[in-house]
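So you can see what is in the structure, the chains are spelled out below.
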Amino acid sequence: MKLYEIKNRMIEVLLDSSEDESDLSDTFLQRINELEIDFEEKAINVAAHIKNMEADLEAFTNYLEKMKKKKKAIENKIESLKKYLTRNLQELKYTKIESPAFNITLGASHRVVLDPIKHLPDEYMISRIEYIPNKVLIGLDLEQGKEIEGAYLQVNHFVKIN
């Protein structure tokens with residue numbers, strides 16, 4: 001039986017029982033006790049599955065972090081080799097080298113470099129105003145009971161497994 005099925009069965013048994021507490025038979029108490037044991041076992045199994053998945057996630061995360069570092073090292077090496085090749089092509093005034101596998105071409109591009117921005121004339125400046133919600137202030141006001149249109153406090157429940 002699934003966890004929710006056990007929970008629903010417990011609710012059924014409780015609702016089917018008589019309102020009169022003196023009518024609590026041994027079979028009723030035994031059935032509730034069995035369902036509680038089943039529920040707790042199933043909850044423990046679900047929690048164990050969560051713990052296993054968390055361990056898998058941690059291992060996967062560590063692996064991804066290792067691969068990110070390796071990727072970054074390879075990207076840095078590629079960039080270093082490109083600069084090395086560029087510098088040597090420039091020094092010998094090469095602009096193109098052809099081979100059967102690929103061609104090497106020395107290109108050039110332009111980019112705008114800004115030395116201290118404060119020295120730029122105003123005509124080259126853009127003014128930008130940005131409005132963003134102050135979630136900390138909104139949260140404090142909502143917690144104190146203030147109603148704010150477009151905002152509310154959401155309660156998030158969670159399970160902690162130690």
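What counts and how
Counting restarts for each chain, with residues numbered from 1 along the sequence as it is written. The predicted nature of this model means local features are confined to residues of pLDDT at least 70 and side-chain atom pairs, given and counted, to a pLDDT of 80 or more, with totals for whole chains, interfaces and linings taken over all residues. For side-chain calculations, the full set of non-hydrogen atoms in the structure is used, while hydrogens and water are omitted. Strands here are runs of E lasting at least two residues and helices are runs of H or I lasting at least four, both read from the DSSP assignment and numbered beginning at the N terminus. In this setup the radius of gyration rests on C-alpha atoms only. A globule is expected at 2.2 Å times the number of residues raised to 0.38. Contact definition: two residues touch when any of their heavy atoms are within 4.5 Å. Asp and Glu count as negative and Lys and Arg as positive, but His and the ends of the chain are not part of the count. A single reference atom marks each charge: NZ on Lys, CZ on Arg, CG on Asp, CD on Glu. Cavities and pockets were defined on a 1 Å grid built from protein atoms only: a cavity is a group of points that admits a 1.4 Å probe but offers it no way out, a pocket is an open group of points flanked by protein on both sides within 12 Å along at least five of seven lines, and a lining residue is one with an atom within 4 Å of any such point. Grid points are joined across faces, edges and corners, and a volume is the space filled by probe spheres set on the points. Each residue gets one of three labels, nonpolar for Ala, Val, Leu, Ile, Met, Phe, Trp, Tyr, Cys and Pro, charged for Asp, Glu, Lys and Arg, and polar for the others, Gly among them. Helix span, as expected, comes to 1.5 Å for every residue beyond the first. Burial status follows relative accessibility: with a 1.4 Å probe on protein chains alone, a residue under 20% of its type maximum counts as buried, one over 50% as exposed, and anything between as partly exposed. The arc under discussion is defined with respect to the helix axis, by the directions toward the C-beta atoms. Any carboxyl oxygen of Asp or Glu within 4 Å of a side-chain nitrogen of Lys or Arg constitutes a salt bridge here.

A. Looking closely at the overall build of the chain. Check the secondary structure of the chain and you find three helices and two strands. In the chain, the succession of α and β elements from N to C terminus is α-α-β-β-α. Against the compact-globule benchmark of 15 Å for 162 residues, the chain has a radius of gyration of 34 Å, which places it well outside the compact range. Its C-alpha atoms give the chain principal-axis dimensions of roughly 100 × 50 × 25 Å. Relative to all contacts within the chain whose residues are 6 or more apart in sequence, the contacts with residues 24 or more apart total 35%. A distance of 20 Å separates the average location of the 24 positive side-chain charges in the chain from that of its 29 negative side-chain charges.

B. Inspection of the layout of surface pockets at higher detail. When its volume is computed, the largest pocket comes out at roughly 170 Å³. In terms of lining, the largest pocket is formed by Lys135, Ile138, Gly139, Leu142, Gly150, Ala151, Tyr152 and Leu153. A class-by-class count of the residues in the lining of the largest pocket yields five nonpolar, two polar and one charged.

C. Focus on helix 1 (residues 3-16). Look at helix 1: 20 Å from first C-alpha to last across 14 residues, which is about the 20 Å you get at 1.5 Å a residue. Every buried residue of helix 1 is listed here: Ile6, Met10 and Val13. Buried residues of helix 1 fall within an arc of 65 degrees about the axis and therefore sit on the same side. Residues of helix 1 that are exposed and point more than 90 degrees away from the buried face comprise Leu15 and Asp16. The inward-facing, buried residues of helix 1 contact helix 2 (26-91).

D. The pattern of salt bridges, seen in detail. Tallied over the entire structure, the rule returns five salt bridges. Where Lys96 meets Glu98, a salt bridge forms, and the shortest distance between an N and an O atom there is 3.6 Å. Where Lys146 meets Asp141, a salt bridge forms, and the shortest distance between an N and an O atom there is 3.9 Å.

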